[in-house]
Amino acid sequence: MSPIKQAVKESIDSTFDDSVPTFIVAVSGGVDSMTLLHSLYRLNILGVVAHVNYQKRGAESDKDAELVAEKAGEWGFEFVLKEAEPNEAQGQNFQQWAREIRYRFFRDLAERYDADGIALAHHRDDQVETILQKLFRGGGMASWSGMDVWDGELFRPLLSISRL
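Residues numbered from 1 in each chain as written. Predicted model: local features only at pLDDT ≥ 70, side-chain atom pairs only at ≥ 80, totals over all residues. Heavy atoms only, no water.

1. Thoughts on the packing of aromatic side chains
Summed over the entire model, instances satisfying the criterion amount to 11 aromatic pairs. For the pair Y103 and F106, a centre-to-centre distance of 5.8 Å together with 70 degrees between the ring planes defines the contact as edge-to-face. Separated by 3 residues within a single helix, Y103 and F106 lie in helix α4 (residues 94-112), roughly one turn from each other. The two residues Y103 and F106 agree in class, both being buried. Each residue in the set F16, F23, W150 and F155 is aromatic and connected to the rest through ring pairs, giving one cluster. Cation over ring: K56 sits above F94, and NZ or CZ is 4.7 Å from the ring centre. When the ring centre of Y103 is taken as reference, the NZ or CZ atom of R99 above it lies at 4.4 Å. (Phe/Tyr/Trp six-rings, centres within 6.5 Å; stacked < 30°, edge-to-face > 60°. Helix = DSSP H or I, 4+ residues; strand = E, 2+ residues; numbered from the N terminus. Buried < 20%, exposed > 50% of the residue type's maximum accessible area, 1.4 Å probe, protein only. Lys NZ or Arg CZ within 6 Å of the ring centre and 35° of its normal.)

What follows is the structure, given as structure tokens:
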């Protein structure tokens, strides 16, 4: 078993006991989220794949959505696409706006499908970045905690793995 698949399996086993969870799987089309999706597929953990197309890169954004939809279907996952309207972010911090759109979408799907959680492909390098950002913003010792593998809503089984 690959180290990535093993990390996902161990995170699921230690978090969800003997039950087989159902996830909303956040998939951008990048290597990290596609690897998470493939690992869940190989472990027979199904759910709903959620993809947000921000339409910022034209045809490339559409190709990401097509790739995610194709692989989701091939691997037996339902696929749900949200097309965000980037003009709505005008005058705002785009990254913050996109994050709010993305997480609202994931949470709505989790409720609609009665999912056990939202699976995200955050990894160890993301964890380090999160801690540093908190420290630079003036966070104290609590900043060292970073993200949890499971916070009761968000499931991050790759936190023990360096960038994929």
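2. Some thoughts on the packing of helix α1 (residues 3-16) against helix α2 (residues 31-42)
At a closest axis distance of 9 Å, the pairing of α1 and α2 adopts a crossing angle of 65 degrees. Considered as vectors, α1 and α2 are oriented roughly perpendicular to each other. When the axes of α1 and α2 are compared, the crossing they make is right-handed. Where α1 approaches α2, its residues I4, K5, V8 and I12 are matched on the opposing element by T35, L36, S39, L40 and R42. Among the residues making up the contact of α1 with α2, the classes are represented as 5 nonpolar, 2 polar and 2 charged. (Axes fitted to C-alpha atoms, helices over the stretch in contact; angles between N-to-C directions. Parallel < 35°, antiparallel > 145°, perpendicular 65-115°, else oblique. Left-handed = near helix turned anticlockwise from the far one by under 90°. Contact = heavy atoms within 4.5 Å. Nonpolar A, V, L, I, M, F, W, Y, C, P; charged D, E, K, R; others polar.)

3. A closer look at α2
For α2, with 12 residues, the first-to-last C-alpha span of 16 Å sits near the 16 Å given by 1.5 Å per residue. The complete set of buried residues in α2 reads D32, S33, M34, L36, L37, S39 and L40. The inward-facing, buried residues of α2 abut α1, β1 (23-26), β2 (47-53), α3 (59-74) and β4 (117-119). N44 occupies a position one or two residues after α2 and carries a positive phi of about 60 degrees. (Expected span 1.5 Å × (residues − 1).)

4. Some words on the sheet that holds strand β3 (residues 78-83)
Taking strand neighbours across the sheet as the criterion, the 5 strands line up as β3-β2-β1-β4-β5 in an open arrangement whose pairing is parallel. Only two strands of the sheet have a single neighbouring strand rather than two, namely β3 and β5 (154-155). For β1 and β2, the ladder comprises 4 bridges, and the chain directions are parallel. Within β2, the residue paired with F23 across the bridge is G47. Seen against the sheet, α4 touches β1, β2, β3, β4 and β5 and runs at an angle of roughly 155 degrees to β2. (Pairing = 2+ DSSP bridges.)

5. What about the environment of N44?
Among the secondary structure elements, N44 is positioned in the loop between α2 and β2. For N44, a relative accessible area of 62% puts it in the exposed group. Sequence separation of N44 and W75 is 31 residues, and the distance between their C-alpha atoms is 9.5 Å.

6. Digging into the environment of K5
Structurally, the position occupied by K5 is in helix α1. For K5, a relative accessible area of 17% puts it in the buried group. Residues K5 and L40 lie 35 residues apart in sequence; the distance between their C-alpha atoms is 7.9 Å. The residues contacting K5, other than those within four sequence positions of it, are S39, R42 and L43.

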